[in-house]
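As a plain string of letters, each chain reads:
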Amino acid sequence: MAREQHDYDDIPGTFVFDQERSRQGFGINMFCMSLMKDENRKAFKANEAEYLKKFNLTPEQTEAVLKRDYNRMLELGGNIYFTAKLGATDGHSFQHLAAVMTGSTQEGYAKMMLGGGRPVEGNRSKTGKGKPAKAGKAAKPRAKARSKSRSKRG
Amino acid sequence: MARIIAGVTSSHVPAIGAAIDNHRTEEPYWKRVFSGFEKSKEWMAKTKPDVCIVVYNDHASAFSVEMVPTFALGCAAEFPPADEGWGPRPVPVVKGHPQLAAHIAQSVILDEFDLTVVNKMEVDHGLTVPMNLLFGSPNEWPCRVIPLAVNVVLYPPPTGHRCFMLGKAIRKAVQSYPEDLRVVVMGTGGMSHQISGPRAGLINSKFDKAFLDNLSKDPKKLMRMPHVEYMREAGAEGIEMVMWLVMRGALDDKVDEVYRFYTVPASNTAVGHIILENRVRGAKAAGKRRPTAGKLKRAAARAKTTIIRGQR
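It should be emphasised that the depicted structure is a prediction, and the values quoted were computed from it without experimental measurement.

1. Concerning the overall build of chain A
A tally of regular secondary structure across chain A gives 10 helices and 0 strands. The helix and strand sequence of chain A, counted from the amino end, reads α-α-α-α-α-α-α-α-α-α. A fraction of 56% describes how many contacts in chain A between residues 6 or more apart in sequence connect residues 24 or more apart.

2. A few points about the nonpolar core
Residues and elements named next belong to chain B. If you look at the biggest cluster of nonpolar residues, it comprises 126 residues, and the most contacted ones within it are I53, V55 and M243. Looking at which element gives the most residues to this core, the answer is helix α6 (residues 160-175), with 8 residues. In this structure V55 touches L148, V150, V185, M186, G187, T188, M243, V246 and M247, once residues within four positions along its chain are discounted.

3. Remarks on the confidence of the model for chain B
Residue and element names in this part refer to chain B. Mean pLDDT for chain B: 92, with 90% of residues reaching 70 or above. Segment residues 287-292: pLDDT under 50, and 4 contacts once partners within four positions in sequence are set aside and those in other chains are kept. Under a pLDDT of 50 for its full length, residues 298-312 has, in the predicted model, 9 contacts with residues more than four places off or in other chains. Model confidence for the complex: the whole-complex pTM is 0.89, and ipTM, which rates the interface, is 0.89.

4. Regarding the pairing of strand β10 (residues 269-278) of chain B
Residue and element names in this part refer to chain B. With 8 of 10 residues buried, β10 lies mostly within the body of the structure. Strand direction decides the pairing type here: strand β1 (residues 3-10) and β10, joined by 5 bridges, are antiparallel. Across the sheet, residue T9 finds its bridge partner in β10, namely I274. Bridge count for strand β9 (residues 255-266) against β10 is 9 bridges, and the pairing is antiparallel. Looking at β10, one finds that E257 is bridged to L276. A loop of 2 residues connects β9 with β10, the two strands running antiparallel in sequence, and S267 in this loop sits at a positive phi of about 60°.

5. Here's the deal with the interface of chain B and chain A
On the chain A side, the residues contacting the 29 residues of chain B number 45 residues. Breaking the side of chain B that touches chain A down by element, the ones donating at least two residues are α9 (227-234) and β9 of chain B. Take the side of chain B that touches chain A: its biggest share by element is 5 residues, from α9(B). Here the side of chain B that touches chain A is built from residues that sort into 16 nonpolar, 8 polar and 5 charged.

6. Re the sheet that holds strand β6 (residues 116-118) of chain B
Residues and elements named next belong to chain B. Taken in spatial order, the 8 strands make up an open sheet running β6-β3-β7-β2-β8-β1-β10-β9, and their pairing is mixed. Strands at the two margins of the open sheet, each flanked by one partner only, are β6 and β9. For this sheet, the mean angle separating the axes of adjacent strands, direction not counted, is 20°. Both strand β3 (residues 71-74) and strand β7 (residues 144-150) contribute to a ladder of 3 bridges, which runs antiparallel. Within β7, the position partnered with A72 by the bridge is A149. Contacts between helix α4 (residues 98-110) and the sheet are confined to β2 (51-56), β3, β6 and β7, with β3 contributing the most and set at about 150° to the helix.

7. Side note on the environment of G130(A)
Mapped onto the elements of the fold, G130(A) is located in the loop between α9 (106-114) and α10 (143-149). Distance in space between the C-alpha atoms of G130(A) and Q5(A) is 15 Å, their sequence separation being 125 residues. Once you skip the residues sitting within four places of it in the chain, G130(A) turns out to touch D10(A), I11(A), R124(A), S125(A) and R232(B).

Thresholds, definitions, all that
- Residues numbered from 1 in each chain as written.
- Chains lettered and ligands numbered in written order.
- Predicted model: local features only at pLDDT ≥ 70, side-chain atom pairs only at ≥ 80, totals over all residues.
- Helix = DSSP H or I, 4+ residues; strand = E, 2+ residues; numbered from the N terminus.
- Contact = placed C-beta atoms within 7 Å.
- Core = buried A, V, L, I, M, F, W, Y, C linked by C-beta atoms within 7 Å.
- Buried ≥ 20, exposed ≤ 12 C-beta atoms within 10 Å, placed from the backbone.
- pLDDT = per-residue confidence, 0-100.
- Pairing = 2+ DSSP bridges.
- Nonpolar A, V, L, I, M, F, W, Y, C, P; charged D, E, K, R; others polar.
- Axes fitted to C-alpha atoms, helices over the stretch in contact; angles between N-to-C directions.

Next comes the structure, spelled out in structure tokens:
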């Protein structure tokens, strides 16, 4: 069954962790939660594919975890606070994950944040329907900002 | 009688906690963040609340996806810091106020807020980082704490209106508690940030500043803001700001903004912080009688400034 569409699905580069994704991603999130224990981290690192079998993931979810495709994990029901535990198990900082998800380098991402972050102009809406709340009219999308945020699948 | 004297909001960025724990607060990047809370610590030391009700969210620490309570009130005697994967933060155990918490639960559930009562819970950076920002790093926290965990991780979180009304119910509960306690309510999280997906790193200072303005002066404007607007304008995780409305609902309609601080960034997040005080009844108007509604109307017809002064 195709995913039911919601108003927030119009936000670019964003996978809202809603009830449907939560249902779908229960296994991914429980797997990530298991990594809070050192013995589980060791077992996972020793044989990743074997360890994942305990969590009833779909083949797509398993592939996303093994490939560390963080955006795909979110799309298939993973939640960022959970998947961040996988990143930590790999020894990565959160900013590393953010850089991976945004298709940037960690240095480039850190620089963007120091410069005031990703602008909302041009990043509000996929369809152009999302308008700023108070300004009255939607800002023109800035090509540069948009290319940064565009999802590979969105 | 217990009463709510003030409300405080603060971001709860985990990296702020890491900077404290790893003694990096003097680095220029972090000094910019911490310096904004110096006055707040002074204010807190002077205000000396007996109890803080801290509205925060858990980040896959106490609650996994196995159970997701929308509102969970911490009624235990103490709440140890959670191990978030790097060992528990080296902060004091949070001491609860089980009697007041039980009284609040009893009162707000009968006021139709179906709280989850939690008698055993660990608290993560969502609660402990704002404690550090407001109280520094003492050996013991100087006041009792009642944690109120709000689900903002699994969509949909409670609406802003619901949060505001819960704040009102909490205020009513506190005011009917017989012991003389001074209570501060803290709303944590925010401000604009997105940490997930290709749009991660989003910051919207214009939205944040308008939110702070409205929180202070016109919170009813914020009550009806739909979730999609938070997420679109302030980032997917910026929706945490609904928790600030619990704090605001617990205060008087008119409050004094005594301090505000805003900076970008701390890690992936815009940091926002505000202190709002309930006006002390009769203090400023001592010796002056409050004009009646009829007098106010007549005064308003003469000059708008009169009505503003009259209300203070």
